[in-house]
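Descriptive analysis of the structure
If you want the building blocks of each chain, they are given just below.
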Amino acid sequence: MPDPYTPSPNVAALRESATIAVSARARALRAQGRPVIDLGAGEPDAPTPPFVCDAAAEAVANGATRYTAVEGLPALRAVIAAEAVERSGGRLALDAGNVTVSTGTKQSLFNACFSLLGPGDELLVPTPGWTSYYEIAGLARARAVAVRGEEARSLKVTPAALAAAATAQTRALVLNSPCNPTGAVYDAAELRAILDLARARGWWVIADEIYRHIAYGGGPAPSALEVATPEDRLVVVDGVAKAYAMTGWRIGWAIAPSGVARAMTALQSHTTSNAATVSQYAALAALTRREESGRAIAAMLEQLAARRAGAMAILRDAGVPFIEPAGAFYLFLRVPGDPAAEPGSAFAARLLEEREVAIVPGAAFGTPEWVRISFAAPTDQVLEGVRRTVGLLREWV
Ligand code: GLU
């Protein structure tokens, strides 16, 4: 029987998430018995710290099985606001009214884009940029405008490039540091320069800081909240997924001016309502039991740093150029070939079929001549996967 479905205009142009699709493909091949090394989706391979799991079990035993407020548990929102105030050195006057908790940081981004953008608006997306920014802008009936980063600056964008790409329709800019897929980190001066430009132009800035704790320069990466306030038209999205190894719990949040927070909550009241109650309690434990969390983050960072060093050594020895990641857990490499022919996609497909290594084609991030390798996987697999990548690159040219 022919499939009776014709896509509604809401989703007609929507492309499935490539980062998720790569992992699904790797899982399917594994299920067929093929020993695929999955360096695709960005997901810590560490388990959630046991104290977080125990706190969640205890919460359920104590009856945490019902709805919470749409915007999240007051205690969780308060601790998120308090941490942000602390991060700003006490400069910001934020409280729980500025925080909306959602089902993963992806929903917070969706809520923010949907609440801030409308038909005809333009969202500046530093490119390469995470795949979902482009699609979420489209769902909000806005247009994502790719602003290419400079290779000499780890593919980071400059205020000048953003200003050049702006039009009268520019409404917002997404700023992701540490960056997925490059691992590039904007230092405080770079953040300030971009936020100053946005303030001067009246743009909203959606700062995606989900990788903030995963940085290799000592301490977390600088936050937009250190150089600007939500009243400057700033929305910061973050979550527990990466730093606390809690991807499956689906807890993210947005810190925003209270009007935006209310709009996002109203939107969420018609989509998912509150994020899963048990997960909110788990996140509360992760955020409040800071000593234990700190130890877990430090242990994960140590492991990631060793993998990063090992993988970079293999690439350097082979003379393969790449973006040195100052944060997150990705290596971003250029694949020789005509960008119009999407060499990154052809390369990733061949690497999977012939060498059984899953990586993400750069086309997903607006850069079809690159590929992304995640090093958040067991060390032996990361090193072997990078060796096989180098092997195929040698044959590629
Ligand atoms: N953000 C991660 C990645 O880029 C997880 C998958 C996704 O949500 O895109 O791989």
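Presented here is a report on the structure given in the accompanying data block. None of the values given here were measured: they were computed from a predicted structure. (Residues numbered from 1 in each chain as written. Predicted model: local features only at pLDDT ≥ 70, side-chain atom pairs only at ≥ 80, totals over all residues. Heavy atoms only, no water.)

**Observations regarding the site of the ligand**
To be explicit about the condition: In this text, near means that some heavy atom of the residue lies within 4 Å of the molecule or strand in question. Identification of polar contacts relies on pairs of N or O atoms within 3.5 Å, with a donor-acceptor requirement for protein atoms, meaning one able to donate a hydrogen and the other able to accept it, and with residues adjacent in sequence counted only if both atoms are side-chain atoms. With residues, only the protein chains shown are counted as cover, and all accessible areas are computed by Shrake-Rupley using a 1.4 Å probe.
Close to the ligand lie Thr19, Ile20, Ala41, Gly42, Lys106, Trp130, Asn180, Tyr211, Lys242, Tyr330 and Arg372. A distance of 2.7 Å separates an oxygen atom of the ligand from a polar backbone atom of Gly42. In the environment of the ligand, an oxygen atom lies 2.8 Å from a nitrogen or oxygen atom belonging to the side chain of Asn180. For the ligand, whose free accessible area comes to 280 Å², the fraction covered by protein is 87%.

**Description of a nonpolar patch on the surface**
Note the following rule: Patch construction takes residues with relative accessible area above 30% that form no salt bridge. Like charges are linked within 9 Å, and nonpolar side chains (Val, Leu, Ile, Met, Phe, Trp, Tyr) are linked within 5 Å. When a carboxyl oxygen of Asp or Glu lies within 4 Å of a side-chain nitrogen of Lys or Arg, that pair is called a salt bridge. Strands are runs of DSSP state E lasting at least 2 residues, helices are runs of H or I lasting at least 4, and numbering of each runs from the N terminus.
On the surface, Tyr5, Val11 and Leu14 cluster together to form a nonpolar patch covering roughly 270 Å² of accessible area. You can see Tyr5 is positioned in the segment before α1 (18-31).

**Things to note about helix α11 (residues 343-355)**
Our working rule: Residue count minus one, scaled by 1.5 Å, sets the expected span of a helix. Accessibility here uses a 1.4 Å probe with only protein chains present; expressed as a share of the type maximum, an area under 20% marks a residue as buried, one over 50% as exposed, and anything in between as partly exposed. Along the arc lie the directions from the helix axis toward the C-beta atoms. Whether two residues are in contact is decided by their heavy atoms: any pair within 4.5 Å suffices.
Over its 13 residues, α11 extends 17 Å from the first C-alpha to the last, a length consistent with the 18 Å expected when each residue adds 1.5 Å. Along α11, the positions that sit buried rather than exposed are Pro343, Gly344, Phe347, Ala348, Leu351, Leu352 and Arg355. The arc that holds every buried residue of α11, seen down its axis, measures 160°, which confines them to one face. Buried residues along α11 sit in contact with α1, β11 (357-358), β12 (360-361), β13 (370-374) and α12 (379-396). In the stretch just after α11, Glu356 is the one whose phi turns positive, near 60°.

**Remarks on the pattern of salt bridges**
Summed over the entire model, instances satisfying the criterion amount to 27 salt bridges. Note that Arg199 is salt-bridged to Asp196, the shortest N-O span being 2.9 Å. With Arg199 and Asp196 both in helix α7 (residues 188-201) and three residues apart, the pair spans about one turn of that helix. Using a relative accessible area of 36% as the deciding quantity, one classes Arg199 as partly exposed. Among the residues examined, Asp196 registers a relative accessible area of 34% and is labelled partly exposed.

Function-wise, these values are silent; they only describe arrangement.
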